[in-house]
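So the chains spell out like this:
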Amino acid sequence: MKNKLTFSSHVAIGFMLFALFFGAGNLIFPAQLGQYAGTNIWPAVIGFLITGVGLPLLGILAMGFSGSKNLQELSSRVHPIYGVFFTALLYLTIGPFFAAPRTGTVAYEVGIAPFIGEGNEKIGLLIFSIIFFAIAFLFSMFPAKLVDNVGKILAPALVVLLAVLLLAAVFNPMGAIQPPEEAYQSGAFVKGFLEGYNTMDALASLVFGIIIITVIRSMGVTAKGQIFTEAAKSGIIAIILLGVIYVGIGFLGATSTSVLGIFDTGGPVLSGAAGHYFGTFGNVMLAVVIILACLTTAIGLITANAEYFNTLFPSISYKALVVFFSLLTFIIANFGLANIITYSIPVLMFLYPLAIVLMLLTFLSPLFNHSQIVYVATIAVTFLISIFDGLKALCSSLEIEYFSWMEPVLHFYKTVLPLYNEGLGWLLPAIIVIIITGIIAKFQKTDVTQKA
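In what follows, the accompanying structure is described. (Residues numbered from 1 in each chain as written. Predicted model: local features only at pLDDT ≥ 70, side-chain atom pairs only at ≥ 80, totals over all residues. Heavy atoms only, no water.)

1. With respect to the overall build of the protein
Item 1. When helices and strands are counted, the protein shows 18 helices and zero strands.
Item 2. For 452 residues, the compact-globule formula gives about 22 Å, and the C-alpha radius of gyration of the protein, at 22 Å, lands near that figure.
Item 3. Counting all 452 residues of the protein, 52% fall into the buried class.
Item 4. For the protein, the computed accessible surface area is about 19,500 Å², with 71% contributed by carbon and sulfur atoms.
Item 5. Each charge class in the protein can be summarised by its mean position, and for the 18 positive and 18 negative side chains these summaries are 20 Å apart. (Helix = DSSP H or I, 4+ residues; strand = E, 2+ residues; numbered from the N terminus. Rg over C-alpha atoms; globule rule 2.2 N^0.38 Å. Buried < 20%, exposed > 50% of the residue type's maximum accessible area, 1.4 Å probe, protein only. Areas by Shrake-Rupley, 256 points an atom, 1.4 Å probe, with all protein chains shown as cover. Lys, Arg positive; Asp, Glu negative; His and termini not counted. Charge placed at Lys NZ, Arg CZ, Asp CG, Glu CD.)

2. Regarding the environment of T311
Item 1. Its place among the elements puts T311 in helix 13 (residues 267–312).
Item 2. For T311 and I13, which are 298 residues apart along the polypeptide, the C-alpha to C-alpha distance reads 27 Å.

3. Description of the packing of helix 6 (residues 99–112) against helix 13
Item 1. In the contact formed by helix 6 and helix 13, the axes pass within 7 Å of each other and the chain directions differ by 155 degrees. Our classification of the angle between helix 6 and helix 13 gives roughly antiparallel. The way helix 6 lies across helix 13 gives a crossing that is left-handed. Across the interface between the two elements, A99, A100, T103, V106, A107, E109, V110, G111 and I112 of helix 6 pack against G267, P268, S271, L286, A287, I290, I291, C294, T297, A298 and L301 of helix 13.
Item 2. For the contact of helix 6 with helix 13, the per-class residue count stands at 14 nonpolar, five polar and one charged. (Axes fitted to C-alpha atoms, helices over the stretch in contact; angles between N-to-C directions. Parallel < 35°, antiparallel > 145°, perpendicular 65-115°, else oblique. Left-handed = near helix turned anticlockwise from the far one by under 90°. Contact = heavy atoms within 4.5 Å. Nonpolar A, V, L, I, M, F, W, Y, C, P; charged D, E, K, R; others polar.)

4. Describing the nonpolar core
Item 1. Ranked by size, the top nonpolar core spans 141 residues in total, and within it F86, Y197 and L252 carry the most contacts.
Item 2. A per-element tally of this core places helix 13 first, with 19 residues.
Item 3. With near-sequence residues (within four places) excluded, F86 lies in contact with L71, S75, L206, L351, L354, A355 and L358. (Core = buried A, V, L, I, M, F, W, Y, C linked by side-chain atoms within 4.5 Å.)

5. Overview of the pattern of salt bridges
Item 1. Taken as a whole and judged by the stated rule, the model has one salt bridge.
Item 2. The salt bridge partner of E195 is K191, with a shortest N-O separation of 3.6 Å. Placement of the pair is E195 and K191 together in helix 9 (residues 188–195), with a separation of four residues, close to one helical turn.
Item 3. The exposure class assigned to E195 is buried, which follows from its relative accessible area of 14%. (Salt bridge = Lys/Arg side-chain N within 4 Å of Asp/Glu carboxyl O.)

6. Overview of the packing of aromatic side chains
For any two aromatic rings, the description comes down to two numbers: the centre-to-centre distance and the angle of the planes.
Item 1. One pass over the full model with this rule turns up 26 aromatic pairs.
Item 2. Measuring from centroid to centroid gives 5.0 Å for F18 and F22, while their planes differ by 25 degrees, and the two rings are stacked. Judged on exposure class, the residue F18 and its partner F22 are both buried.
Item 3. Where F368 meets Y375, the ring centres are 5.8 Å apart and the plane angle is 75 degrees; that geometry is what we call edge-to-face.
Item 4. Here F368 falls in the buried class, since its relative accessible area comes to 3%.
Item 5. Three or more aromatic residues joined by ring pairs make a cluster, and in this case those are Y91, Y308, F309, F324 and F325.
Item 6. Across the ring face of F65, the terminal group of K224 is positioned such that the distance to the ring centre comes to 5.6 Å. (Phe/Tyr/Trp six-rings, centres within 6.5 Å; stacked < 30°, edge-to-face > 60°. Lys NZ or Arg CZ within 6 Å of the ring centre and 35° of its normal.)

7. Things to note about the packing of helix 3 (residues 41–66) against helix 10 (residues 201–218)
Item 1. The geometry of helix 3 relative to helix 10 is characterised by a closest axis approach of 8 Å and an angle of 40 degrees between their N-to-C directions. In terms of orientation, helix 3 lies oblique with respect to helix 10. In this structure, helix 3 crosses over helix 10, and the sense of that crossing is right-handed. Touching G52, L55, P56, G59, I60, M63 and G64 of helix 3 are D201, A202, S205, L206, F208, G209, I210 and I213, all from helix 10.

Don't take any of this as a statement about function, it's just geometry.
What follows is the structure in structure tokens.
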């Protein structure tokens, strides 16, 4: 049994964790943020780093600290039914609903769209997505180490390619940074904070955390406290890499608008920058690496969902679930990247507060003797606020008026909840409920002990 890992082991695990996190969203959202934030890029990037880098690290640490075997076991501390509901929704969100289709659309927009003539975008996406998800389907039907090995090669290759592109952008910017778009003219920090939700890495960290912990245990570290320490050290390496790339891509986006113009998504920013600095060769190299990297991510997400739902529904075979999730992912991908992003926002506004609060409860759990009442009360309060945040975002996405029954609730929340307009109205109520129910749980434990 080892007491601790070597530095080289931390680096290896850190790079593995980085490769798990680094996907389509990590490329497009900081680029889009840079374009929209303009001269307000730095407060926006700081907000983005908190949710896009800080929360994923918190999720990894929470899983290490909890000692749970998986996310469903951890979230079942609220209630077993909630554990299934939360875990299933999280898997679907980072899988066939949003993140998995996004791999295909980002691969298309960055790798193929620059070579497609105007007016042919939809048919181009259809043909590309058929080929892309057919390959993902075949590999998911027969999971093999080939995917892992290819991923280990592609992640460093993508980092090297991005490093060259970002260094070119830093030392030879495309143009001057332009004034911010309307959404970033005030409150750029909060806007960046909420944009970080779109990477979905904090949600994924609750799944990836178990993978990292398993690897650390396989290296001989078995003590719970030491596993937490080793996970923290490896996690810091991964988030430093992510953070540097986010800052670089954000700066690239901010300096691109005067040359490339403003795009609806961040995909064309990267392909446009590659073409600007390195011509057709740059576009081709970026296309090959990003398509293959997104493909391995798609395979991993389809496989993970099929495996999880196979445990929930053993009567449905793994291969049948792969067929279902591959088809669903393909269909959603053809709605286009902009639509996928737009309709993911309501779900993320609902799901992220629940994930963050679960992380906080995990760390605070020893203070209130792991009492279920604290978990139930805090999640219930957060749920009641975040569900309306999600509905509000849905109405905005559909460009419709709020439902009449929502109006009095939203008015009440806006009136009494600090930070509600900034999308953080759930934060203070959750903290207050944790404190109150935590004290109650402590007294109940004390009374039971005295009677005994």
